[in-house]
Amino acid sequence: QKEVEQNSGPLSVPEGAIASLNCTYSDRGSQSFFWYRQYSGKSPELIMFIYSNGDKEDGRFTAQLNKASQYVSLLIRDSQPSDSATYLCAVSTRDSGNTPLVFGKGTRLSVIA
Amino acid sequence: DTGVSQNPRHKITKRGQNVTFRCDPISEHNRLYWYRQTLGQGPEFLTYFQNEAQLEKSRLLSDRFSAERPKGSFSTLEIQRTEQGDSAMYLCASSSLAGGRSNEQFFGPGTRLTVL
């Protein structure tokens, strides 16, 4: 059974702070990792993907991957109230997003103005 | 490019009835996926297609569920003899085999099913 674990939260951070979201996965064969954002009542939208160990930055977002520890994280710098949403970690055992994804339950983030 | 569309957006049915949902992917997207999401959970994979071929079905997809993509364009998901446990949001996503490595899955707005 392939599992993706996330702390359900809520994670509350003040506006302007760094939000740190974490995810662990059970399948060592996992090759590609995705972070989706889902606003309440809406469908998921992709924020970032990462394949290689290390950090990947895109604007205020940084994804970090450590395959040895089976751990992936998402940092959101200068958090804004508009970042308040549920963040879903998703994993695939193939090297692209063109395959079924295994999602975690999501972490609910609340950015307090 | 109008995005992934799903119809209906909401469906309320009585236990034992059959329901059918439709998904129209982004045009020219080869792959189409169905996921199910219940409250407080992440999406769970049900099945996916490449063009008209169904490539994989999850163990979640009992024999009451059937999906097809007859011409490699839109897809339908049918649930026969619905049960209260089928109440969920049914999400459709599509992706293209062409392009960069991310091959992002774009999600539709979902169909919310309530079984009374």
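Reading guide: rules and limits
Residues numbered from 1 in each chain as written. Chains lettered and ligands numbered in written order. Predicted model: local features only at pLDDT ≥ 70, side-chain atom pairs only at ≥ 80, totals over all residues. Heavy atoms only, no water. Helix = DSSP H or I, 4+ residues; strand = E, 2+ residues; numbered from the N terminus. Contact = heavy atoms within 4.5 Å. Areas by Shrake-Rupley, 256 points an atom, 1.4 Å probe, with all protein chains shown as cover. Lys, Arg positive; Asp, Glu negative; His and termini not counted. Charge placed at Lys NZ, Arg CZ, Asp CG, Glu CD. Buried < 20%, exposed > 50% of the residue type's maximum accessible area, 1.4 Å probe, protein only. Salt bridge = Lys/Arg side-chain N within 4 Å of Asp/Glu carboxyl O. Pairing = 2+ DSSP bridges. Core = buried A, V, L, I, M, F, W, Y, C linked by side-chain atoms within 4.5 Å. Disulfide = S-S within 2.5 Å. Polar contact = N/O pair within 3.5 Å; in protein donor to acceptor, adjacent residues only side chain to side chain. Buried area = accessible area lost by both parts, 1.4 Å probe. Nonpolar A, V, L, I, M, F, W, Y, C, P; charged D, E, K, R; others polar. 1 Å grid on protein atoms, 1.4 Å probe; cavity = no way out; pocket = protein on both sides within 12 Å on 5 of 7 lines; lining within 4 Å. Points joined across faces, edges and corners; volume = space filled by probe spheres on them.

1. Brief notes about the overall build of chain A
Step number 1: Scanning chain A from N- to C-terminus turns up zero helices and 11 strands.
Step number 2: Overall, the C-alpha framework of chain A stretches about 40 × 30 × 20 Å when taken along its three principal axes.
Step number 3: Taking as baseline every contact in chain A between residues at least 6 positions apart, the subset at least 24 positions apart corresponds to 55%.
Step number 4: In the structure as shown, chain A presents an accessible area of about 5100 Å², 45% of it carried by carbon and sulfur atoms.
Step number 5: For chain A, the distance from the average position of its 11 positive side-chain charges to the average position of its 11 negative side-chain charges is 5 Å.

2. Description of the side chain of R36 of chain B
Residues and elements named next belong to chain B.
Step number 1: Within the fold, R36 resides in strand β4 (residues 31-37).
Step number 2: There is no salt bridge for the buried R36, and the closest opposite charge comes from E44, which lies 4.2 Å off by N-O distance.
Step number 3: The residues contacting R36, other than those within four sequence positions of it, are G42, P43, E44, L46, L60, F65, A88, M89 and Y90.

3. With respect to the sheet that holds strand β1 (residues 4-5) of chain A
Residues and elements named next belong to chain A.
Step number 1: Across the sheet, which stays open at both edges, the five strands sit in the order β1-β3-β8-β7-β6 with antiparallel pairing between neighbours. The strands lining the two open edges of the sheet, one partner per strand, are β1 and β6 (54-58).
Step number 2: Here β6 runs beside strand β7 (residues 61-66); their pairing, made up of five bridges, is antiparallel. Across the sheet, the residue bridging to D55 is Q64, located in β7.

4. Observations regarding the nonpolar core
Step number 1: Formed by 23 residues in total, the largest nonpolar core has its most connected members in F33, W35, V72, L74, I76, Y87 and L109 of chain A.
Step number 2: One finds V19, A88, C92 and L113 of chain B within the second-largest nonpolar core, a separate group that totals 19 residues.

5. Focus: the state of the cysteines
Residues and elements named next belong to chain A.
Step number 1: Applying the stated criterion across every chain yields a total of two disulfides over all chains.
Step number 2: The disulfide partner of C23 is C89, and the S-S distance across this bridge is 2.1 Å. Across the S-S bond of C23 and C89 the torsion is about -70°, and the bridge reads as left-handed. Here C23 is found in strand β3 (residues 19-25), whereas its partner C89 is found in strand β9 (residues 85-92), with 66 residues between them in sequence.
Step number 3: Residue C23 is classed as buried on the basis of its relative accessible area of 1%.

6. Describing the pattern of salt bridges
Residue and element names in this part refer to chain A.
Step number 1: For the structure shown, the criterion picks out six salt bridges over all chains.
Step number 2: One salt bridge connects R60 with D83, and the closest N-O pair in it is separated by 2.9 Å. A residue pair is termed long-range when its members are at least 10 positions apart, and R60 in the loop between β6 and β7 and D83 in the loop between β8 (71-76) and β9 qualify at 23 residues.
Step number 3: On the basis of relative accessible area, R60 is assigned to the partly exposed category, the value being 27%.

7. Observations regarding the side chain of Q105 of chain B
Step number 1: Its place among the elements puts Q105 of chain B in the loop between β9 (88-95) and β10 (106-107).
Step number 2: Within polar-contact distance, the side chain of Q105 of chain B engages the side chain of Y35 of chain B at 2.9 Å.
Step number 3: Setting aside residues up to four positions removed in sequence, Q105 of chain B forms contacts with Y36, G97, T99 and L101 of chain A together with Y33, Y35, A93, S94 and S95 of chain B.

8. Concerning the interface of chain B and chain A
Step number 1: Contact residues are listed per partner, giving 24 residues for chain B and 21 residues for chain A.
Step number 2: Carbon and sulfur atoms supply 47% of the area buried between chain B and chain A, which totals about 1800 Å² over both sides.
Step number 3: Where chain B touches chain A, the interface holds zero salt bridges.
Step number 4: Connecting chain B to chain A are 10 residue pairs in polar contact (both at pLDDT 80 or more).
Step number 5: Counting residues per element, the side of chain B that touches chain A draws most heavily on β4 of chain B, at four residues.
Step number 6: Classifying every residue of the side of chain B that touches chain A gives nine nonpolar, 10 polar and five charged.

9. Brief notes about empty space enclosed by the protein
Residues and elements named next belong to chain A.
Step number 1: The tally for this structure, following the rule as stated, stands at one cavity of 30 Å³ or more.
Step number 2: Taken as a whole, the largest cavity holds about 70 Å³ of empty space.
Step number 3: Lining the largest cavity, in full, are K2, E3, V4, Y25, S26, D27, S30, V91, S92, T93 and V102.
Step number 4: Classifying every residue of the lining of the largest cavity by side-chain character gives four nonpolar, four polar and three charged.

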